[in-house]
Every structure is written in structure tokens, then in C-alpha cells.
Amino acid sequence: MIPGTEEEIIFLDEVDSTNTYVRDRFDALSDLTLVVADRQTAGRGRLGRKWLSPSGLNFYGTFCFRNVRDGFHAGVLCGVALLRTLAEATPEVDCYLKWPNDVYVGKAKLAGLLGEGVLRQGKIAGIAFGIGVNINMTPEHFAGLDQRATSLKIASGRDFDVVFIAKSLAKSLKRCYINYLDSFDGIFSEWRRANRLIGRTIGLVSADGRRCEGIFRDVTETGELLLEYARPDGTVAVEAFNCGDVSIGKSSI
Ligand code: BT5
């Protein structure tokens, strides 16, 4: 898609996963197309986890990226576009990014993002970047979930139009993308500032299952989390992690 033209959005009633839809039809989709579904029968998170995707309540959508540098850049674009959309729709709700790609309100998860590479002839041809935002869910919908979650409705006491949010997000993403074509720095700075846990004590479970607690020092320009922690011998280490699950320290938020 050429920046400046109308955003392309495909609305589906039901799909297994909008990420799968974009990956399967990648060759036929133009750049920055957004695929949105009313419900997903196999919505997924990272590492094979499930994403609750009931009908008529939430936003489930995936952007097709053909020309970004990598999944991290796509994540920065989607994270900033989503935060700008949320700030416009609900200025009273204080949202922030939790590394690598979640959106939180206080200590509860409002949205999750999932980027997946699309391979052609063994090479990454593009990125399918999925976003799930809890919009009109109520606390009963989260019963049984293994972590705290929230929705725009719970956080604000109001109902929202999911299609309106989808259209705003597509517009917002396009604006971010135009900035991105100019330079990555501005959009990266905005993304970094939104990572509110920087400077605070966090727990981290790394991809290989190691558990560390320490201070979240910063994010690098390639998306790694820099964690400062004490080794068993008392010396201090600063290590870069490129994936993992962050938990919020008791007094961090
Ligand atoms: C994520 O994974 O947070 C990425 C979620 C991406 C979902 C979108 S929806 C559109 C697109 N199509 C897909 O199939 N996926 C994407 P992760 O960090 O692994 O978090 C998953 C965990 O979040 C689960 O194990 C639950 O604990 C929790 N969870 C599941 N559903 C939730 C929901 N609706 N709201 C909040 N937390 C949820």
C-alpha cells in the first residue's frame, strides 16, 4: 500500500487466527493490510499459549508487513500505533507497554501482540503482526485466566465500538509507518518512553527457563531488555535478553 491512500481492512466473522490468515495469504495481501476477525477459534499467544477470543467483544487483528526491517521494527510500529489509538479513544485510561509487546493498565494485561515471520524460499519475506485488545470484556470473561487481565470497558466504565477502534488503529499505523519511512529513531523513542518498567525492579523468565530478578535498565535499539542483577557471588551483571516473560515487582507500579 502506498502511504496516503485509504487503509485496507478485511473484516471476517470467524477465523482460526488472524495471524494464520495473513501468513497463508501473504502473497495476495498488500503492504499494511489489516485483517480483523469478530472471533478466533484458535487465537494464540507466544510459545503456543492460547488467546481468549470470544465473539462480539474484542479486537483481534493482524497487519501484513512487507517492507519493515524485522519483527522488532514491526512490533515498535504496532505498539506505538496501538498506544496512540488507545490514548485517543480513552484518554482517561493510563496504558503502558510491558516488554516485549504487551499493553498493561496498572498490573493487568489489556492487550497482547504477536509477530510471526513469513518465510519464502527459506528467507523472511515479511511479518504477520497480530494484536489482541480486550475491549468490552467484563471480569467474568476472564474467570480461570492464569494472570490478571483487563479491558477498556473495565478500565473506563464505558462500552466501545470495536470496528471504530479497528479503523482508528489502521489509520494510526499508517501515520506511524510514514514517520518510520523517514527514520526509525523518533518512533523508537516513543516506544521506549512507553516502556514504563524501565528503571524498575522486575522478574524475568528467559526463553531457556532461567529466572532472574533485577533492575530493568533499558531497551537496546534492537529490542533487547538490559537487566542488571546480582550474581550469587555478589558481583553485578548486566545482561541483554531478546525474549522472555517479565513480571512486575511488588513495588514497581
Ligand atoms: C500474547 O501472548 O500476549 C500475544 C497475544 C496475541 C493475540 C493476537 S489476537 C490477533 C492475533 N491472532 C492470534 O492468533 N494472535 C494474535 P503471550 O504473551 O504469550 O500471552 C498469552 C497469555 O495471556 C495467556 O497464556 C494468558 O495468560 C493471557 N491471556 C489469554 N487471553 C487473554 C486475553 N484475552 N486477555 C488478557 N490475557 C490473556
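As a reminder, the structure under discussion sits directly above these lines.
The shown structure was predicted, so the numbers you read here are calculated from the model rather than taken from an experiment.

Q: If you had to explain helix H2 (residues 71–89) to someone new, which residues and values would you point to?
A: Between its first and last C-alpha, H2 extends 26 Å over 19 residues, near the 27 Å set by a 1.5 Å rise per residue. The element H2 is extensively covered by neighbouring structure, given that 15 of its 19 residues are classed as buried. Where H2 begins, one side-chain oxygen reaches toward the backbone nitrogen of Phe72, 3.2 Å away; that side chain belongs to Asp70.

Q: Go over the layout of surface pockets, please, and point to the residues and values.
A: Of the voids in this model, the largest pocket is the one considered here, and its volume is about 930 Å³. Residue assignment for the lining of the largest pocket shows that the elements contributing at least two residues are helix H1 (18–24), strand E3 (59–65), strand E5 (102–105), strand E6 (108–120), strand E7 (123–133), strand E8 (201–206), strand E9 (211–219) and strand E12 (244–248). Sorting elements by how many residues they give to the lining of the largest pocket places E12 first, with 5 residues. Grouping the constituent residues of the lining of the largest pocket by class yields 18 nonpolar, 16 polar and 12 charged. Three or more residues apiece are contributed to the lining of the largest pocket by two domains, here domain 1 (9–194) and domain 2 (201–248). The computed volume of the second largest pocket comes to approximately 570 Å³. Arg46, Pro100, Asn101, Asn242 and Cys243 are, among the 27 residues lining the second largest pocket, the residues nearest its centre.

Q: Mind laying out the site of the ligand, listing which residues take part and the relevant values?
A: The ligand sits among 28 residues. The nearest are Ser17, Arg49, Lys109, Asn134 and Asp146. Arg46 places a main-chain nitrogen or oxygen 2.8 Å from an oxygen atom of the ligand. Between an oxygen atom of the ligand and a side-chain N or O atom of Lys109, the distance comes to 2.7 Å. For the ligand, the accessible surface in isolation is 790 Å², of which the surrounding protein chains cover 97%. Under a 2 Å grid-point criterion requiring more than half of the atoms, the pocket assigned to the ligand is the largest pocket. Contributing elements (two or more residues each) for the shell around the ligand: H1, E3, E6 and E7. Looking at the shell around the ligand element by element, the count peaks at 4 residues for E6. In the shell around the ligand, the residues fall into 8 nonpolar, 13 polar and 7 charged.

Rules behind the numbers
- Residues numbered from 1 in each chain as written.
- Predicted model: local features only at pLDDT ≥ 70, side-chain atom pairs only at ≥ 80, totals over all residues.
- Heavy atoms only, no water.
- Helix = DSSP H or I, 4+ residues; strand = E, 2+ residues; numbered from the N terminus.
- Expected span 1.5 Å × (residues − 1).
- Buried < 20%, exposed > 50% of the residue type's maximum accessible area, 1.4 Å probe, protein only.
- Polar contact = N/O pair within 3.5 Å; in protein donor to acceptor, adjacent residues only side chain to side chain.
- 1 Å grid on protein atoms, 1.4 Å probe; cavity = no way out; pocket = protein on both sides within 12 Å on 5 of 7 lines; lining within 4 Å.
- Points joined across faces, edges and corners; volume = space filled by probe spheres on them.
- Nonpolar A, V, L, I, M, F, W, Y, C, P; charged D, E, K, R; others polar.
- Domains from an automatic or database assignment.
- Near = heavy atom within 4 Å.
- Areas by Shrake-Rupley, 256 points an atom, 1.4 Å probe, with all protein chains shown as cover.
- Sits in = over half its atoms within 2 Å of the grid points.

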